[in-house]
Amino acid sequence: MSTAAKARPRAKKKAARRSRLPRIDIAAQIRVLKRLYPGARTALDYQTPFQLLVATILSAQCTDERVNMVTPGLFRRWRGPRDFAEAETQELEEAIRSTGFFRSKTKSLQAMSRDLVEKHRGEVPSSMEELVRLRGVGRKTANVVLGNAFGIAEGVVVDTHVTRLSKRLGLSSHSDPVKIELDLMEKVPKRDWTLFSHLLILHGRAVCQARKPHCAECAVAPLCPKTGVAAPIRAAARPFVRVE
Ligand code: SF4
């Protein structure tokens, strides 16, 4: 079979998937979210790209609030990549213990810091290609650092909130973060890529929560297909229970 013939079913599949998605006015969704969350930014505190890189690694499976409680003391004790690379492993583990998964996070922090010292003269690189080559740094972490510390939009940060809201808002039918990111990069204007994930994260925390989305009070509701959100049980549909 020719390459063109092989590509046809794939293109058909993609078109069919697209046609199953509801028509969405993403520009209007973004407008409403921007009005709801003016000044949206990352909740992680940092002063340098390196500090943001460290804070983002610590934020895996941990709240930003907890990370912000840990990082001031951490950066007073170990200031830059060289200090982290040469730190006593057990001391570093103890310092970040409360963020969870402290052993593997310590390994990532020290390996990443060694890479910075050995390959980048202790500086955090500002390209996706170089960032994802650092040990312990994946595409999501690289996107956070590029978008927030360097103001470079290379992609969209996809975390659990972005994953959930992208589906509910009808922006992606995928559950794989890489595919969700591709869908969002196709639909969201590039100038809004960094901001968009902050908006979804804030809306996911405040209104469109995982277990209980507050659709009745949601300003985006008229623009949202609420994909996958269970319909509220209406009084008539509730099972009849006789009270003796
Ligand atoms: S309408 Fe419901 S599902 Fe849609 S964004 Fe608002 S809370 Fe989430």
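The rules we used
Residues numbered from 1 in each chain as written. Predicted model: local features only at pLDDT ≥ 70, side-chain atom pairs only at ≥ 80, totals over all residues. Helix = DSSP H or I, 4+ residues; strand = E, 2+ residues; numbered from the N terminus. Expected span 1.5 Å × (residues − 1). Buried ≥ 20, exposed ≤ 12 C-beta atoms within 10 Å, placed from the backbone. Contact = placed C-beta atoms within 7 Å. Near = placed C-beta within 6 Å. Nonpolar A, V, L, I, M, F, W, Y, C, P; charged D, E, K, R; others polar. pLDDT = per-residue confidence, 0-100.

Colleague: Explain helix α12 (residues 193-206) residue by residue, including any values.
Modeller: Spanning 14 residues, α12 covers 20 Å between terminal C-alpha atoms, matching the ideal 20 Å at 1.5 Å per step. Burial within α12 is extensive, with 10 of its 14 residues counted as buried. Those residues of α12 that sit buried are Trp 193, Thr 194, Phe 196, Ser 197, His 198, Leu 199, Leu 200, Ile 201, His 203 and Gly 204. For α12, the secondary structure elements touched by its buried residues are α2 (26-36), α9 (139-149), α10 (160-168) and α11 (177-187).

Colleague: I'd like a rundown of the site of the ligand, residues and numbers included.
Modeller: Taken together, 13 residues sit near the ligand, with Cys 208, Pro 213, Cys 215, Cys 218 and Cys 224 positioned nearest. Of the residues in the shell around the ligand, the class split is 10 nonpolar, 1 polar and 2 charged.

Colleague: With reference to specific residues and values, describe unusual backbone geometry.
Modeller: If you check the backbone angles, Gln 61 has positive phi at about 55° while not being a glycine. Within the secondary structure, Gln 61 sits in the loop between α3 (49-58) and α4 (64-77). At Lys 226, a position not held by glycine, the phi torsion is positive, near 55°. With respect to the helices and strands, Lys 226 occurs in the segment after α12.

Colleague: An account of the confidence of the model for the protein chain is requested, with residue identities and associated values reported.
Modeller: Where the model shows low pLDDT, its predicted coordinates should not be examined in detail. Confidence in the prediction of the protein chain, expressed as mean pLDDT, is 90, and 86% of residues score 70 or more. Predicted confidence is poor over residues 233-244, with pLDDT under 50, and the contacts of this stretch with residues over four places away or in other chains come to 1 contact.

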